[in-house]
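What follows is each chain in one-letter form.
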Amino acid sequence: MSATDNRFSGPGPDQIYSDFLREGVFSLPQCKDCHEFHFFPRVVCPHCGSFNLEWKELTGKGEVYSTTTVRRKPERGGNYNVCHVTLAEGPRLMSRVEGVDPLDVKIGDQVSAVIKNDGDSPFIVFVPAQGV
Amino acid sequence: MSHELRGSSAVVGVGLAGCGEAHGRAPLDILAEATHNALDDAGLKLSDVDGIFTGSSYHFMPALSTAEYLGIKPRFSDSSMVGGSSFVAHTLNAAMAIKTGQCDVALICYGSNQRTAGGKLATMSEQQIYEAPYKPRYPISSYALAAARHMHQYGTTREQMADVAVAARQWAQLNPAAFAREELTRQDVLNSRMISDPLSLLDCCLVTDGGGAVIMVSSERAKDFPNKPVYVLGTGTAHWHRQITQMPDLTTTAAVDAGKRAFAMAGLTKDDVDVVELYDAFTINTILFLEDLGFCAKGEGGAFVENGNIAPGGSLPVNTNGGGLSCVHPGMYGIFILIEAIQQLRGGCGARQVDNPEVALVNGNGGVLSSQVTTILGTEAVL
């Protein structure tokens with residue numbers, strides 16, 4: 001077995017993840033052995049321990065798993081939402097729901113991912129899913 | 001055939017210092033003062049200590065800084081950092097070190113000046129890049145997300161969470177050393193300023209100064225000391241996540257695992273437990289840990305803590321010093337739950353003394369429900 005492994009050359013998962021987001025693609029590693037997706041992206045599948053992963057684009061669909069409203073004075077920007085969204089593909093991530101009053105975000109809300117390309121660190125937020 | 005660590009070591013000294021406000025003190029000053037009090041309590045000198053166990057959010061290499069300050073050159077030292085539960089985990093590490101002859105006198109210690117240094121929660125933590133863009137308030141938003149999910153899944157109410165704070169305050173009113181002792185009603189908690197829904201100001205622990213120290217030796221030596229020894233019967237440590245988003249299920253903590261292993265090592269069950277000290281950084285914690293440790297079924301924690309059931313006079317004494325919610329909470333709280341459990345088993349708790357307890361359970365929490373450490377302590381009668 002070679003001491004060098006091609007899977008471990010090139011950019012790491014944080015870089016690959018944000019490069020995809022910059023191109024407008026929301027993608028995560030999927031394990032070729034157990035078929036689970038995971039978040040945050042790693043070089044190893046945290047479900048089964050396999051290092052055989054491939055990046056796949058996600059549907060962007062998810063459901064609010066938990067939510068909180070961080071209270072902040074209006075002059076400092078006002079209240080905002082922080083939530084956990086369970087993606088249709090399985091993993092859960094922290095995010096926020098936009099386009100809704102933070103106090104109106106509810107567990108179980110169906111949401112869709114939107115990429116925020118904010119300078120050099122793109123990240124995912126969610127909006128209420130259409131037609132649900 | 002009992003586990004080889006069961007009852008193999010015992011606590012012979014405890015000390016507290018600077019609880020509340022300790023103006024003009026650095027964290028290690030407070031730690032050293034608590035250490036002095038524990039040494040006094042045990043009839044020992046600093047030169048007797050050969051094992052150091054500590055954690056800190058002020059020092060990058062806590063055991064080194066602490067030993068340097070105290071003038072100790074330890075044979076064994078441990079800076080295992082799993083958050084506020086570290087000190088509870090240290091009882092296992094100290095027991096193993098003592099049993100294998102790595103040290104003879106273990107000092108578990110902590111000190112913090114969080115309140116008088118301005119109140120900000122000190123941390124050396126790296127930024128969590130997949131949470132940072134959303135600016136959750138740290139650590140309250142993590143606990144708020146857990147509370148919200150528990151309310152959704154099990155119907156737990158803000159009123160039930162408020163009753164946790166009320167019970168803690170009632171215990172604090174029996175403790176002259178507690179920081180917050182004014183009357184507190186359920187309505188007071190519900191009316192307090194919301195910070196990160198559903199957690200309001202009075203759902204949160206205090207911000208105080210404080211330090212604590214615990215001294216352990218082998219159980220063979222423990223009888224030679226002035227105080228009634230308190231034996232370490234079983235400890236379990238478990239962690240499944242670091243960041244709240246990675247917690248597999250927001251309603252169940254790794255205490256289900258830590259508790260199970262602590263009980264197994266001790267050869268005891270929850271029915272043997274006379275007094276419980278849980279890390280109540282937030283009101284939801286008490287509910288979660290009582291469920292996960294088996295005192296009630298999953299989802300029934302809200303009903304269990306309601307209406308005084310864990311308050312003085314209730315069916316299960318929980319957080320008898322007043323807890324992090326009303327007694328003391330200087331950033332990391334684990335050493336204080338240990339000390340209260342020990343004091344209860346020694347019979348030294350005055351007005352808040354539980355009637356003849358023989359077994360105490362301590363559950364420490366670290367990070368954001370991340371590290372769970374359960375230790376079971378007992379008197380000689382249970383050996």
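Quick caveat: nothing in here was measured; it's all calculated off a predicted structure. (Residues numbered from 1 in each chain as written. Chains lettered and ligands numbered in written order. Predicted model: local features only at pLDDT ≥ 70, side-chain atom pairs only at ≥ 80, totals over all residues. Heavy atoms only, no water.)

Undergrad: If you had to explain the overall build of chain A to someone new, which residues and values would you point to?
TA: Across its full length, chain A carries 1 helix and 7 strands. For chain A, the N- to C-terminal ordering of α and β elements is α-β-β-β-β-β-β-β. For chain A, the spread of C-alpha atoms along the principal axes amounts to about 60 × 30 × 25 Å. Looking at chain A residue by residue over its 132 residues, the buried ones come to 42%. Taking the intrachain contacts of chain A between residues at least 6 apart in sequence as the baseline, contacts between residues at least 24 apart amount to 48%. As presented, chain A carries roughly 7000 Å² of accessible surface, and 49% of it is formed by carbon and sulfur atoms. One way to put it: in chain A the 14 positive side-chain charges average out to a point 6 Å from where the 17 negative ones average out. (Helix = DSSP H or I, 4+ residues; strand = E, 2+ residues; numbered from the N terminus. Buried < 20%, exposed > 50% of the residue type's maximum accessible area, 1.4 Å probe, protein only. Contact = heavy atoms within 4.5 Å. Areas by Shrake-Rupley, 256 points an atom, 1.4 Å probe, with all protein chains shown as cover. Lys, Arg positive; Asp, Glu negative; His and termini not counted. Charge placed at Lys NZ, Arg CZ, Asp CG, Glu CD.)

Undergrad: Outline the sheet that holds strand β1 (residues 9-20) of chain B, listing residues and values.
TA: Residue and element names in this part refer to chain B. On the basis of which strands lie adjacent, the open sheet formed by 9 strands has the order β3-β2-β4-β7-β1-β8-β11-β10-β9 and mixed pairing. Of all strands in the sheet, those bounded by a partner on one side alone are β3 (76-78) and β9 (275-278). Each strand of the sheet is rotated relative to its neighbour by a mean of 20°, with strand direction disregarded. Alignment of β1 against strand β7 (residues 209-218), held across 9 bridges, turns out to be antiparallel. Paired with V14 across the strands is V214, a residue of β7. Set on the sheet, helix α1 (residues 27-42) makes contact with β1, β2 (51-54), β4 (106-112) and β7; between it and β1 the angle comes to about 135°. Those strands touched by helix α8 (residues 255-266) are β8 (230-239), β10 (359-366) and β11 (371-378), and its axis lies near 150° from that of β8. (Pairing = 2+ DSSP bridges. Axes fitted to C-alpha atoms, helices over the stretch in contact; angles between N-to-C directions.)

Undergrad: Just give me the short version of the nonpolar core, but keep the residues and values in it.
TA: One recurring pattern in soluble globular proteins is that nonpolar side chains are buried together. Residue and element names in this part refer to chain B. In terms of nonpolar packing, the biggest core is built from 144 residues, with V214, M216 and L290 touching the most fellow members. Contact partners of V214, with chain neighbours within four places excluded, come to V11, G13, V14, A106, L107, I108, I335, L338, I339 and I342. Formed by 6 residues, the second largest nonpolar core is a distinct cluster that contains A162, A165, L184 and L190. (Core = buried A, V, L, I, M, F, W, Y, C linked by side-chain atoms within 4.5 Å.)

Undergrad: Mind laying out the interface of chain B and chain A, listing which residues take part and the relevant values?
TA: Between chain B and chain A, the contact holds 26 residues from the first and 27 residues from the second. A buried area of about 2300 Å², summed over both sides, lies between chain B and chain A, and 57% of it is on carbon and sulfur atoms. On the surface where chain B and chain A come into contact, there are 1 salt bridge. Across the pair A:R71 and B:D197 runs a salt bridge, and its minimum N-O distance is 2.8 Å. Across the contact surface, chain B and chain A share 18 residue pairs in polar contact (both at pLDDT 80 or more). Of all elements in the fold, only α4 (140-154) and β5 (194-196) of chain B reach the threshold of two or more residues within the side of chain B that touches chain A. (Buried area = accessible area lost by both parts, 1.4 Å probe. Salt bridge = Lys/Arg side-chain N within 4 Å of Asp/Glu carboxyl O. Polar contact = N/O pair within 3.5 Å; in protein donor to acceptor, adjacent residues only side chain to side chain.)

Undergrad: Describe the confidence of the model for chain B, with residues and values.
TA: Reading fine detail from the predicted coordinates is not recommended where pLDDT is low. Here chain B averages 97 in pLDDT, and 100% of its residues register 70 or above. For this predicted complex, the interface confidence score (ipTM) comes to 0.95, while the overall pTM stands at 0.97. (pLDDT = per-residue confidence, 0-100.)

Undergrad: Go over the pattern of salt bridges, please, and point to the residues and values.
TA: It is possible for side chains of opposite charge to pair when their charged atoms get near one another. Residues and elements named next belong to chain B. Counting across every chain of the model gives 19 salt bridges over all chains. Among the ionic pairs, R346 bridges to D41, the shortest N-O distance being 3.0 Å. Here the residue R346 occupies a position in helix α12 (residues 334-346), and D41 occupies one in helix α1, the gap between them amounting to 305 residues. The residue D257 makes a salt bridge to R261 at a minimum N-O spacing of 3.1 Å. Pair noted here: D257 and R261 are both in helix α8, with a separation of 4 residues, about one helical turn. Overall, the relative accessible area of 26% leaves D257 in the partly exposed class.

Undergrad: Go over α12(B) with me, naming the residues and quoting the values.
TA: Residues and elements named next belong to chain B. Given a rise of 1.5 Å per residue, 13 residues ought to cover 18 Å, and the 19 Å separating the end C-alpha atoms of α12 matches this to within 8%. With 12 of 13 residues buried, α12 is to be regarded as a mostly interior element. Taken from the residues just after α12, G347 is the one with a positive phi, measuring 80°. (Expected span 1.5 Å × (residues − 1).)

Undergrad: Run through the packing of helix α3 (residues 86-99) of chain B against α12(B), naming residues and quoting values.
TA: Packed helices, taken two at a time, are described by the angle their axes make and the gap between the axes. All names here are of chain B. At a closest axis distance of 6 Å, the pairing of α3 and α12 adopts a crossing angle of 60°. Residue-level inspection shows F87, V88 and T91 of α3 in contact with α12, the latter providing G334, I335, I337 and L338. Across the contact of α3 with α12, the residue classes break down as 5 nonpolar, 2 polar and no charged. (Nonpolar A, V, L, I, M, F, W, Y, C, P; charged D, E, K, R; others polar.)

Undergrad: So what's going on with the side chain of B:T320? Residues and values would help.
TA: Residue and element names in this part refer to chain B. With respect to the helices and strands, T320 occurs in the loop between α10 (301-305) and α11 (323-326). Here E340 takes part through its side chain, which lies 2.7 Å from a polar atom of the side chain of T320. Dropping the residues within four chain positions of it, T320 is found in contact with W171, V275, E277, E340, Q344, R352 and V354.

Undergrad: Any chance you could break down the side chain of A:R42 for me, citing the residues and the numbers?
TA: Considering the arrangement of structural elements, one finds A:R42 in the loop between β1 (27-31) and β2 (53-57). Put simply, A:R42 is tucked away with no salt bridge, and the nearest opposite charge, on A:D14, sits 9.0 Å away. Among the polar contacts made by the side chain of A:R42, one reaches the side chain of B:Q246 at a distance of 2.9 Å. Discounting residues that sit within four places of it in the chain, A:R42 has contacts with A:P13, A:P29, A:L53 and B:Q246.

Undergrad: Hey, could you go over the packing of aromatic side chains for me, with residue numbers and the actual values?
TA: Residue and element names in this part refer to chain A. Scanning the entire structure with this criterion turns up 12 aromatic pairs over all chains. Ring geometry for Y17 and F39: centres 5.9 Å apart, planes at 65°, overall edge-to-face. Taken as a pair, Y17 in helix α1 (residues 13-22) and F39 in the loop between β1 and β2 lie far apart in primary sequence, 22 residues in all. Considered together, Y17 and F39 belong to a single accessibility category, that of buried residues. Consider the rings of F20 and W55, whose centres lie 5.9 Å apart with planes at 35°: the pair is tilted. (Phe/Tyr/Trp six-rings, centres within 6.5 Å; stacked < 30°, edge-to-face > 60°.)

Undergrad: Run through unusual backbone geometry, naming residues and quoting values.
TA: Residues A:F39 and A:F40 are joined by a peptide bond in cis, for which omega reads 10°. In this fold, A:F40 is placed in the loop between β1 and β2. A cis amide bond links B:Y138 with the next residue in sequence, B:P139, at an omega value of 0°. Mapped onto the elements, B:P139 comes out in the loop between β4 and α4. For B:N307, which is not a glycine, the phi torsion comes out positive at approximately 55°. Position of B:N307 relative to the elements: it lies in the loop between α10 and α11. Unlike most non-glycine residues, B:N356 shows phi in positive territory, near 45°. Summarising the element assignment, B:N356 is placed in the loop between α12 and β10. For B:N356, a relative accessible area of 64% translates into the label exposed.

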